[in-house]
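If you want the building blocks of each chain, they are given just below.
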Amino acid sequence: MKGRKLLLDKIGISGIETFEIYKKNGGYRSVEKALKSMSPEDVVEEVKKSGLRGRGGAGFPTGMKWSFLAKPEGVPRYLVCNADESEPGTFKDRYLMEHIPHLLIEGMITSSYALGSNLSFIYIRGEFMWILHILEKAIAEAYNNGYLGKNILGSGYDLDLRVMPGGGAYICGEETALLESLEGKRGNPRMKPPFPAVKGLWGCPTVVNNVESIAAVVPIVNDGGDAYAQIGIGKSTGTKLISACGNLARPGVYEIELGLSVEEFIYGDDWCRGIANGKKIKACVPGGSSVPILPHYLITKTASGENRLMSYESLADGGFLSGSMLGSGGFIAFDEDQCIVRNTWNFARFYSHESCGQCSPCREGTGWMEKVLNRLEHGEGNLRDIELLEEINKKIEGNTICPLGDAAAWPVAAAIRHFRDEFEWHVTNREESQTRNYGLCKEPVTA
Amino acid sequence: MKAHIDWSLRHSEKKELSRASLAKIDELITQVPEGKHKTVLMSALHLAQIEFGWISIETMDYIAGLLKIQPIEVYEFATFYTMFHLDPVGKYVFEVCRTGPCMLVGSDDIISYIEEKLNIKVGETTQDGMFTLKTAECLGACGYGPMLQCRHKNHEFLTKQKVDELIEAYRSSKVE
Ligand SMILES: Cc1cc2nc3c(=O)[nH]c(=O)nc-3n(C[C@H](O)[C@H](O)[C@H](O)COP(=O)(O)O)c2cc1C
Ligand code: SF4
Ligand code: FES
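Residues numbered from 1 in each chain as written. Chains lettered and ligands numbered in written order. Predicted model: local features only at pLDDT ≥ 70, side-chain atom pairs only at ≥ 80, totals over all residues. Heavy atoms only, no water.

A. Quick peek at the overall build of chain A. A count of helices and strands for chain A gives 18 helices and eleven strands. Computed over the C-alpha atoms, the radius of gyration of chain A is 22 Å, within 12% of the 22 Å expected from 2.2 N^0.38 for a compact globule of 447 residues. Per-residue burial for chain A yields a buried fraction of 61% across its 447 residues. Contacts spanning at least 24 positions in sequence make up 69% of the contacts within chain A whose residues lie at least 6 apart. Of the accessible surface of chain A, which amounts to about 16,300 Å², a share of 50% is contributed by carbon and sulfur atoms. (Helix = DSSP H or I, 4+ residues; strand = E, 2+ residues; numbered from the N terminus. Rg over C-alpha atoms; globule rule 2.2 N^0.38 Å. Buried < 20%, exposed > 50% of the residue type's maximum accessible area, 1.4 Å probe, protein only. Contact = heavy atoms within 4.5 Å. Areas by Shrake-Rupley, 256 points an atom, 1.4 Å probe, with all protein chains shown as cover.)

The following block contains the structure:
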C-alpha cells in the first residue's frame, strides 16, 4: 500500500493543531500506553524492533542509539530534539511542526520516558521563530492537560519540555555543535569520542534525535515495532517524509512508504507530477545538498539497470560511483536548462559560508573550492582548475572534526564525476558558457 | 520569546529591555538547571534585536550584565550567528534566500529586482532608513521559493508583482 501515512495522516483535520482535537483523533495514546503499561526498556525494545533509522540524514538505527545511552547513578540524562533543519532542500520537519505540533510533543514525552530524561529540549532554528511559538503553545496545552510536568497521568514520571531557538548557523544541526549552542556558546562541533550518549548536554548523557525520528516513535509505540517494520522495504522500514523542490511540477512535503520507485515519486499523479513546464530532468540531488548528485540516466535506474527506489539501500546503490543517498529526504530536481557548474558553485559557497572555521582543511578548503568554482562558472577558469578541485577535495575528506567538510567535498566530487564534459565546456567555450547553458549530458557508452 | 512579538516596542535609542522582555528572560532562567543560565543568551539576544533593531556593543555589554557573564562571551556568541545584525539596519530587513533550490526557481532575478526597485545593493539600507536588503542561506522553504524573510515572517513564491506589493504594504504600514 503505497499511500499509507503514519505521521501526516491527520493533517487536514480542522483544528488538529490544538490539544483537544489532536487528542480526540487518537493523539497522546502512545504516552498513555507507555506510562501505564510499559517499562522504559519495553519502549526502547519496540523502537529497536521497528528498525527505525534516524531521519536527520545519517540513518543510524534509533533503537541502537538509545541503547548506547550511559546511565550513571545520580546524573541527569537529556533528550534533545534536533529541529535545526537547515540542509538545503530540506523543509519536512518544518511542515510537521507547523501542521501537527502535538505529534512532536507526544513523541518527545514517550521518548523522554524511554530514555529516563526529566528535562528535554527542542532546539529549533531561529528562522523558524513562528513555529517556536506554535510549539510553545502546544507545550502549554500539554502541561495544562497533565501530559507534562510532575507525575504525568499519575505514573510518578516527571518531565519538563522546553523549546530553544538557534541563531542562524547550519553547523548547529550537527549534534555536538547543537549542544554547544544550546549551552549558550558558539556552535563549534566537539571532538568525538566522547559521544553525546556518554557526555552530551552539560557533560551529561544525551540523545539527539531528528524531529521526524521522534515523531515516528508515536506510531511505533501505538502499533508495535513489528508492525512498523512490516512497512517499507528491507532495512528501510516505515515511512519517510520527503521534501521535494527545484524544478518539479508539484513541489512540497510528501510522506512516502520507503520502497516507492523514484520514477513514480517524480512523475506519479499522487506525488510530484513530473518536471515543471513539461521539461526534461537533467539531474537530481535526492537527499539534501550534502549527497552526491545523480545525472538523468542514473535517477530512475541504477547503473546495473534495476529500478531505483526511494530507500536507503537503493539510492546508495553503486556507491559514490553511480549512487547517492537518501540523506535527510531533501529531494532537489534540476530541469534541462539548469547549469551544473553554477549549482555546484552555489552549494560550495553555502558550505564555505557555513564552515565553523575550527579546522583548517574545511575552513580553507571550502573557501578555495568556492573561489575556483566561481571562476569556472564565470568563464575565467582553466582545465587545471578541475584537477585542483579534486585535489582540494582529497585534502578535506576525512581530515576534519565534523562531517561538514565531507559534506562540502562529496557533492563537488560527484558533480565533476558525472558532468566533467560540462565543466570542461565552461573552459573551452568561455564566452558561450556565459550566454547559454550546456544542456543534458550524454550517457556514457558502456560495454 | 513572547507568543506575539510586539514590534512597536522597537526603539533604537533605547538602552534597556522592556519589562516584558526582562520578565521573559527571568522566566527562561528558572526553566534550566541552576547555574546553566548562559543557555538563555540566545533568547536574550533575539529579544534585544526585536526591541533595538540591531545588536550594538553596548547592547552586548548590557546582556552580559543581565546574565552575569563576561562581555566576551556575548561578543564571540553574537558574531557567530548570522541572524544577529551587528550594524544598524533599516526598519524592515529583507533576507532573501540565495541557496541552490531557490536559485533553481529564480531567486537571482528576485534579488536583482529588489536591488533595482529599492535602488540599493545587497547589504545596503535605503536612504529613508526603511529597508535593508540582505541575502541568506537556505531558510527551510525550498519548495516555496523564491522567498524572503522579514521580521520572522516568510514571504514565499515571490514574483516581481509580489515584491512590489510587499514593499508597498510595508511602506504604508499595512503589515507589521
Ligand atoms: C553539518 C551537519 C548538519 C546537520 N544538520 C542536521 C539538521 O538540520 N537536522 C537534523 O536532524 N540532523 C542534522 N544533522 C545530523 C545530526 O548530527 C544528527 O546525526 C541527527 O540529529 C541525529 O538524529 P537522528 O538519528 O534522529 O537522525 C547534521 C549533521 C551535520 C554534520
Ligand atoms: S569540519 Fe568544518 S564545520 Fe566541522 S568542525 Fe571542522 S571547520 Fe567546523
Ligand atoms: S534554498 Fe531557499 S529556502 Fe531552502
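B. Expanded view of the site of ligand 1. Residues and elements named next belong to chain A. Neighbouring ligand 1 are 18 residues, the closest being Gly56, Asn82, Asn209, Asn210 and Ser213. Within the side chain of lysine 65, an N or O atom sits 3.1 Å from an oxygen atom of ligand 1. Between an oxygen atom of ligand 1 and a main-chain N or O atom of serine 86, the distance comes to 3.5 Å. Relative to its unbound accessible area of 620 Å², ligand 1 is 89% covered by the protein chains. Ranked by the residues each element gives to the shell around ligand 1, the list is headed by strand E4 (residues 206-210), at three residues. Partitioned by chemical class, the residues of the shell around ligand 1 number four nonpolar, eight polar and six charged. (Near = heavy atom within 4 Å. Polar contact = N/O pair within 3.5 Å; in protein donor to acceptor, adjacent residues only side chain to side chain. Nonpolar A, V, L, I, M, F, W, Y, C, P; charged D, E, K, R; others polar.)

C. Main features of the site of ligand 2. Neighbouring ligand 2 are 13 residues; Cys356, Gln358, Cys359, Cys362 and Cys402 of chain A lie closest to it. Of the residues contributing to the shell around ligand 2, the split by class is eight nonpolar, five polar and no charged.

D. Main features of the interface of chain A and chain B. Tallying the contact residues gives 58 residues for chain A and 42 residues for chain B. For the chain A and chain B pair, buried surface summed over both sides reaches about 4,000 Å², with 60% attributable to carbon and sulfur atoms. Interface area lost by chain A to chain B is led by Met129, Arg186 and Trp202 of chain A, which between them contribute 14%. Notably, a salt bridge pairs aspartate 108 of chain B with arginine 342 of chain A, separated by 2.6 Å at the nearest N-O pair. Secondary structure elements with two or more residues in the side of chain A that touches chain B: helix H5 (92-99), strand E2 (119-124), helix H7 (129-144), strand E3 (160-165), helix H8 (175-182), strand E7 (239-246), strand E11 (330-335) and helix H14 (340-354) of chain A. Per element, the largest residue contribution to the side of chain A that touches chain B is eight residues, and it comes from H14 of chain A. A per-class count over the side of chain A that touches chain B returns 28 nonpolar, 18 polar and twelve charged. (Buried area = accessible area lost by both parts, 1.4 Å probe. Salt bridge = Lys/Arg side-chain N within 4 Å of Asp/Glu carboxyl O.)

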